[in-house]
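Observations on the model geometry
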Amino acid sequence: MSTERTAPARPFGAVGTAMVTPFSADGESIDLDAAQRLAVHLRDHGHDLLVLNGTTGESPTTSGEEKLALVRAVREAVGPDMTLIAGVGSNDTRKSVRVVRDHAALGIDGLLVVTPYYSKPSQEGIIAHVEAIAAASDLPVMLYDIPGRTGVPLSRETILHLAENPSVLALKDAKGDLLESALIMAQSDLAYYSGEDALNLPWLAIGASGLVSVIGHVAGDLLAELVEAVDAGDIPRAQELHGRLAAVTEAIFGLMPGVVAAKTALHLQGVLPHAAVRGPHSPASEAQSRALAQALDAVPGIAPLH
């Protein structure tokens, strides 16, 4: 039995993936043709949102010009109706502001701003950092809270303070504190997006607007079905889909880093010409590739890997 529910506000769409950045076989340049084909593939398989130049896109290894070229190429490929967000966060506020200004005229729909990493700034420093980035353009902002990588979580007070900024519309959460986030959602209009694939259904169930995925590279259609099932109040269907997606999550994250697994899977599906990564990542071994293919081939609804 299902009960239709009112879908939450979705300022950046509902089904997103942090897109990998295809490189040439030697890793020396971005393969813009492959990036365009991949973006169209994701658009055609359940997505209404792509995040470019995030860490899954190996942004620490790409130059400023490469980042801009990727955004231009993807926008050209997917047209004006696909929501595109560009990662512009760094641990240098002045650099991030410059990056925002470079991106402002490229036809993107928003900015992903990760908490400054490694430096471990104070909450006051984080607020000043985000506000400087938000003031650098008219583009809306999605915060990104991932303390396992940045070293510093966003506090409830910081999130509520930033939510008052008219440019800050959403938060991608990879902290996984559902109680804390539910309290924040009850006190603000901030749109939450799941940033942890293992928690996509729990997030949607408590009112998240959508998700920014890694497994979406191979499971976009299933993720779109999951969102539709939750919107329709069809919890048994959502649970069944979540079980399948859990197996995909284990396959993508359990064998190797997510970006390596995503590229390997896309190559084995014939979407990418190869799975080249840049250091410090290393490519999947033959044994890892076989294990990944076997794991994903066992999940109904995933395109075959060869």
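On a predicted model such as this, the values are computed, not experimentally measured, just so you know.

Along its 13 residues, helix 4 (residues 123-135) runs 18 Å from first to last C-alpha, staying within 8% of the 18 Å computed at 1.5 Å per residue. Where helix 4 is buried, its residues contact helix 3 (93-103), strand 4 (110-114), strand 5 (141-145), helix 6 (156-163) and strand 6 (168-173).

Here we come to the nonpolar core. Core analysis: the largest hydrophobic core is formed by 89 residues, its most contacted members being Met19, Val74, Leu111, Tyr192, Val248, Ile252 and Leu296. Here this core takes 9 residues from helix 9 (residues 216-231), the largest share from any one element. Setting aside residues up to four positions removed in sequence, Leu111 forms contacts with Ile85, Ala86, Val88, Val100, Ile133, Ser137, Leu139, Pro140, Val141 and Met142. Within the second largest apolar cluster, 15 residues are counted, among which are Leu49, Val51, Ile85 and Tyr193.

Here the focus is the pairing of strand 8 (residues 210-213). Residues of strand 8 alternate between two faces, with Gly210 and Val212 on one and Leu211 and Ser213 on the opposite face, all of them buried. When strand 1 (residues 15-18) meets strand 8, the two strands line up parallel, connected through 3 bridges. Residue pairing for strand 8: Gly16 is matched across the bridge by Val212. In this fold, the crossover linking strand 7 (residues 191-194) to strand 8 by way of helix 8 (residues 200-205) has right-handed handedness.

It is worth spelling out the UniProt feature "active site" (unreviewed entry) in the protein chain at this point. In this numbering, the UniProt entry assigns the feature "active site" (unreviewed entry) to Tyr144 and Lys172. A compact arrangement is adopted by the annotated residues: their sequence extent is 29 residues, whereas the largest C-alpha distance between any two is 4.7 Å. On the secondary structure map, Tyr144 appears in strand 5. Not counting chain neighbours up to four residues away, the residues in contact with Tyr144 comprise Leu112, Val113, Val114, Thr115, Lys172 and Ala174. Along the polypeptide, Lys172 turns up in strand 6. Its relative accessible area of 6% is what places Lys172 among the buried residues.

Criteria and thresholds
- Within each chain, residue numbers correspond to sequence positions counted from 1 in written order.
- Totals for whole chains, interfaces and linings use all residues, but because this is a predicted model, local features are given only for residues with pLDDT of at least 70 and pairs of side-chain atoms are given and counted only at 80 or more.
- Side-chain metrics in this entry use all non-hydrogen atoms of the structure; hydrogen atoms and water are not considered.
- Helical segments are the DSSP runs of H or I of at least four residues, strand segments are the runs of E of at least two, and each set is numbered from the N terminus.
- The span one expects for a helix is its residue count, reduced by one, times 1.5 Å.
- A contact between two residues is defined here by any heavy atoms of the two lying within 4.5 Å.
- Buried residues of nine kinds, namely Ala, Val, Leu, Ile, Met, Phe, Trp, Tyr and Cys, make up a nonpolar core once their side-chain atoms join them within 4.5 Å.
- Working definition: with a 1.4 Å probe on protein chains only, accessible area under 20% of the residue-type maximum means buried, over 50% means exposed, and in between means partly exposed.
- DSSP-based pairing: two strands are paired if at least 2 bridges between them are found.
- The handedness rule is simple: strands pointing away from the viewer, and a clockwise path from the first strand over the helix to the second, make the crossover right-handed.
- UniProt positions are given in the numbering used here, feature names are shortened, and annotations may be inferred rather than shown by experiment.

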